[in-house]
Each structure stands twice: as structure tokens, then as C-alpha cells.
Amino acid sequence: MPTNGLHRVLRIQFGLLNDADRYLTAERFGFKVNASAPSLKRKQIWALEPDPGPGAAVRLRSSHLGRYLAAEEDGRVSCEAERPGRDCRFLVLPQPDGRWALRSEPHGRFFGGTEDRLACFATAVSPAELWAVHLAMHPQAHLLSVSRRRYAHLCPHEGEMAADSDAPWGVDALVTLIFQNRQYCLKSCDSRYLRSDGRLVWEPEARARYTLELKAGRLAFKDCDGRYLAPVGPAGTLRAGRNMRPGKDELFDLEESHPQVVLLAANHRYLSVRQGVNVSANQDEELDHETFLMQIDQETKKCTFYSSTGGYWTLVTHGGIQATATEVSANTMFEMEWRGRRVALKASNGRYVCMKKNGQLAAISDFVGEKPHRPRPGRGSRVAADQPPLPPGEGEEFVLKLINRPLLVLRGLDGFVCHRRGSNQLDTNRSVYDVFHLSFSDGAYQIRGRGGGFWYTGSHGSVCSDGERAEDFLFEFRERGRLAIRARSGKYLRGGASGLLRADADAPAGVALWEY
């Protein structure tokens, strides 16, 4: 497998929730810490780092400040240390219910408290010294078994999930983590929950909820009987095994889930590498050979397309496009131009990718709409009798369809998108998230929420979620892991100070970009 960021293990970031349901917060003013925040935002996000010294001590680093939590001998705590010293060493002591007790390693006292009365001076653990772990990353990812080095995916015919895949290819490899009542559920791409006996069920029942534990940066999922999820048997079926302590078999990594797409050309056929190294529009089905993993470079905003056969699209001699590159280079980068329901791709030679009359792709057009490559009917023409001539512009335009997000979770700069209580509108600043269902039609997406209602734009650009009819939204993949959503008015969906989701942004940037 290439290592160009295709299979990047996610850095575990989290919030710590105390017994009063308030999050540990690092303030810039005075570098003080408190537990007053009711939701998980930037000030409440932390990362765990192993301490290089002897023993099992760790350090807690504020992602907001870039500084370390420290506890002095008299119990005072702050988040001021730019470099971790002796007072920044803590021991994480997991409790039977999955919560953590944090003990100062040099001073032997426990960290806890309420609101702005936090200290590290308790000699014993009480409810005030217990912290629940709430993951702060986007909850959709690939799940990799540490021991087997295989990815979990849905096995729809067996009604189970198994860790037996060499690559996280296709929609079946998407796993959504659902946070409920301080526990987690694992949701498959078809909206079922993984139960500890290996079965998939439609409701998040008690045996489909797990306590999350972190061990050396890896995840373990403990069921209600204290047993841990693991791949079992030759098939790697995911279910709770016998172990009451997490070993290597019970540990998992979360890996970033890049968008996987199919592209439809003007001849109404899918781009494919089924018949060789040339990328050609010659297939009628959406299978692995027609699926491409799309990565966007954070600096240039250009993208690469990686095939299931193990090669990147690359520009070759005479402008052809082949899926043969093993490394990212200038010739594997394509500039995307969003043209309503269609997309155009410009290669590194400055020309647009178009479909030649034999279906193969080539970067030979100077403009979208140029015609020299277009087939001319007549004697010797290879154009099928039922294929009309291509109208201007279509040969350089493609329908791009996202296939590995049937379930959609959106996070903006201020939090997740979630139904507003007692309203048909949507909040954009919540620490919890709702899972929405996505469908696709002719270059546009329809979004369905709780109760089956569709998203639509109401008065003053407000976005509502109880529509009886679907409204089309256009997705534009603008940055790595982030998209812009364009409403029928031409405006982009954005979050704002009010917390309401509105379609009134002019540009696909800032608060109009969404992690998906």
C-alpha cells in the first residue's frame, strides 16, 4: 500500500466530561482550567501523549492552547506549561464503568472538582474525580484491527461485521461511532448497530453499547459484561471474546476515511480501470474498478484519484490518463472546477481532461466545450447508432458521486450539525451530532433527517429538516476532509453566531466548510 497519507491513523483527541456533565476547559486568560462548559468545542479538546520517562505516565495537552496540564504539590492546577515538566506527569486509572481517574504521578493525588474549583489534592477517588472520555474527532472512520492488520467491513449476507479486508474499499468499510450516555455504538453503513454477540441490530440496545478505553493510543470497546470486542475466528467476525482485559487482539486503530467516488462521463458510462491501466468511460456498473479514492492536497487544493488496482491517475505521454503511478507527483494532481451538477478536471499540462471517442480519457482540451476530439458521424465512425453527438462542453464534464457516505455527519468550526430541540431547524454548534441519510440524483444530493423529513431552504435562507419533498443540494469538495454545500439559491450553507444552519454564504470558505 502507498504511504502518501492514504491510510493515516487518526490522532486521538477527546474531551473529558466530569460527573456533573461539564467538560474540562483550558482558558487562555491566566491559563486556568475549569469544568464549566456544557458542550465540547475547541477549548475543551485534549490529546494524550506518552511520557518518555520511566513508568506508565502520560501528559495531557490542550489542543486549544498547545500547553500541558500541570498539578503542583499543593494541588493547584493550570495549563501554562509550554514544555512538559515533572508536574505534567499523570497516571490514567480506568474505572469499572470506563471513566478515568487521573492521579498526579509525582504527588500521588487525584485530579477533580466542579466548575472553577478544580484541584489535584484528593487522596481517594470520589465521583468528583471521575472523567468520561468523549472523542472529539469526526466520528466516521475506518476501523483497523491492530493484531490482524485487517479492516472491518459490513458483510450484508451474513448480517455481521468482519475484520478481514486488506483495504478499506467501498461503502462497506465505513464505521460511524455513535456517542450516547457516555458510551459508544458502532454503526454500519446500512444503519445497523453491532451487538457484542456479533449480530447487527436496528436499535442501540444495551448489548450494542460499549465503554471506550484508550491503551497506548489505541481503542478498545468493552461490552456490558466487561468483555472486549475482537475479531474472532478465521473470518475475523467482530464480537466480544473471552478476555476481561484488552490485549493486542482487542485493540483497534481509527483511520481517516477519504471520500471514495465514481465518475460518470457524457456517454453515460462510468470511468473504470477494469480493462487495463487506461482510465476509460466504458462500464455500466459501480463496482471496485469504477471506484476511486479522492484526496485533496491541503496547500494546492488539487486532488488525486487512487484506484482499487493500486495506482494513482497520472498524466502520460500525449495527454493520456492511466492509473499507474505509485507515488504522488505533479502529474497525479488534478485541479477541480465545480460547474453546478458537473465537475471538470484540469491536468498538470494545463489542459482539461476529456473523453475521447473510444472512451479513454486524455488531457487535451484547452477549454470546456472545445470540440476537435468529438466524434463525427459518417462512414468509419465508431459512434454507436444510439449515441447522439456530444453537446458542447459535455466531453470535459463529469458527474462525480460520493459513494462512501450513505450516512452523513457534518461538523463545522463551532461544532456538529444537529436537530434543534422543538424546532424544524438545525443547530451547527452542538457537541453531539445527528446522523443524516444521503441520496444522489443527477449530480445533486438529497439529505434526509430524523423522521424521514428532507432538508430544504426556508425563509431568509434558514435550512429546515421536515420537508415532504427532497430539495437538491450540490456538494463541492474544497479541502481535505471538508466540503461546501450549495443550495438551489446558489448560496452556501454556513454556521453562524446564532448556531442556526443557513444558506446565505457567498463563498465556499470558513464557516461554509464542513467536515464530513
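Residues numbered from 1 in each chain as written. Predicted model: local features only at pLDDT ≥ 70, side-chain atom pairs only at ≥ 80, totals over all residues. Heavy atoms only, no water.

(A) Layout of the overall build of the protein. Along its length, the protein carries zero helices and 48 strands. In terms of overall dimensions, the protein is globule-like: its C-alpha atoms have a radius of gyration of 25 Å, near the 24 Å expected for 516 residues. By principal-axis analysis of the C-alpha atoms, the protein measures approximately 90 × 55 × 45 Å. Residues classed as buried in the protein amount to 54% of the 516 residues present. Taking contacts inside the protein between residues at least 6 apart in sequence as the whole, the part at least 24 apart equals 51%. (Helix = DSSP H or I, 4+ residues; strand = E, 2+ residues; numbered from the N terminus. Rg over C-alpha atoms; globule rule 2.2 N^0.38 Å. Buried < 20%, exposed > 50% of the residue type's maximum accessible area, 1.4 Å probe, protein only. Contact = heavy atoms within 4.5 Å.)

(B) Spatial organisation of the nonpolar core. Counting residues in hydrophobic clusters, the biggest one holds 59 residues, and the most contacted among them are F14, W46, F111, L143, F221 and L254. When residues of this core are assigned to their parent elements, the largest contribution, four residues, is made by strand β16 (residues 175–180). Discounting residues that sit within four places of it in the chain, F111 has contacts with L24, L69, V77, L102, L118, A119, C120, E129 and W131. (Core = buried A, V, L, I, M, F, W, Y, C linked by side-chain atoms within 4.5 Å.)

(C) Summary view of the pattern of salt bridges. As enumerated under the stated definition, the model contains 41 salt bridges in all. One salt bridge in this structure joins R182 and D21, with 2.6 Å as the shortest N-O distance. Residue R182 is found in the loop between β16 and β17 (183–187), and its partner D21 is found in the loop between β1 (13–17) and β2 (23–26); the two are separated by 161 residues along the sequence. Notably, a salt bridge pairs D190 with R192, separated by 2.9 Å at the nearest N-O pair. Since its relative accessible area comes to 24%, D190 is described here as partly exposed. A network of salt bridges, in which partner residues are shared, links E49, D51, R59, R61, R89 and E105. (Salt bridge = Lys/Arg side-chain N within 4 Å of Asp/Glu carboxyl O.)

(D) Main features of the environment of L91. With respect to the helices and strands, the residue L91 is situated in strand β8 (residues 90–94). Discounting chain neighbours no more than four positions away, the residues touching L91 are A56, A57, A101, L102, R103 and E105.

(E) Region of the structure containing the packing of aromatic side chains. Scanning the entire structure with this criterion turns up 18 aromatic pairs. Aromatic side chains F436 and W455 sit 5.0 Å apart centroid to centroid with 75° between the ring planes, which places their arrangement in the edge-to-face category. Here the residue F436 occupies a position in strand β40 (residues 436–441), and W455 occupies one in strand β42 (residues 454–457), the gap between them amounting to 19 residues. For the pair F436 and W455, one class covers both residues: buried. Site record: aromatic cluster; members linked through ring pairs are F292, F305, W313 and F334. The lysine or arginine in question, R109, covers the ring of F121, its NZ or CZ lying 4.3 Å from the ring centre. (Phe/Tyr/Trp six-rings, centres within 6.5 Å; stacked < 30°, edge-to-face > 60°. Lys NZ or Arg CZ within 6 Å of the ring centre and 35° of its normal.)

(F) Quick look at the side chain of S196. Residue placement: S196 occurs in the loop between β18 (193–194) and β19 (200–201). When its relative accessible area of 5% is taken as the criterion, S196 is described as buried. Beyond its immediate sequence surroundings of up to four residues, S196 is in contact with R207, Y210, D223, R239 and A240.

(G) Focus on the confidence of the model for the protein. In this model, the protein carries an average pLDDT of 91, and 94% of its residues clear a pLDDT of 70 or more. Between residues 372–393, whose pLDDT stays under 50, and residues either more than four places distant or in other chains, the model counts 27 contacts. (pLDDT = per-residue confidence, 0-100.)

(H) Main features of the side chain of K222. Mapped onto the elements of the fold, K222 is located in strand β21 (residues 218–222). Take K222: its relative accessible area is 10%, and that puts it in the buried class. Looking at K222, its side chain comes within polar contact range of the side chain of E213, at 3.4 Å. If we ignore the near neighbours within four places in the chain, the residues touching K222 are Q95, P96, G98, R209, Y210, T211, E213, R227 and Y228. (Polar contact = N/O pair within 3.5 Å; in protein donor to acceptor, adjacent residues only side chain to side chain.)

(I) Representation of unusual backbone geometry in the model. Despite not being glycine, R149 has its phi angle at roughly 55°, a positive value. Inspection of the secondary structure puts R149 in the loop between β13 (140–145) and β14 (150–155). Notably, D442 is not glycine yet its phi reads approximately 50°, a positive angle.

(J) Molecular detail of the environment of F31. Position of F31 among the secondary structure elements: in the loop between β2 and β3 (33–37). As a C-alpha pair, F31 and F305 span 274 residues in sequence and 44 Å in three-dimensional space. In contact with F31, not counting residues within four places along its chain, are L65, R67, S78, C79 and E80.

(K) Looking closely at the environment of R488. Here R488 shows up in the loop between β45 (482–486) and β46 (492–494). The class of R488 is exposed, set by a relative accessible area of 64%. On a C-alpha basis, the gap between R488 and L16 in space is 40 Å, while along the polypeptide they are 472 residues apart. Non-local contacts of R488, meaning those with residues more than four positions away in its chain, are made with T457, E471 and D472.

(L) Geometry of the state of the cysteines. The full count for this structure, using the stated rule, is zero disulfides. Not engaged in a disulfide, the cysteine C155 finds its nearest cysteine sulfur in C189; these two sulfurs lie 10 Å apart. Classification of C155 as buried rests on a relative accessible area of 10%. Note on C464: no disulfide assigned, nearest cysteine sulfur contributed by C418 at a separation of 15 Å. (Disulfide = S-S within 2.5 Å.)

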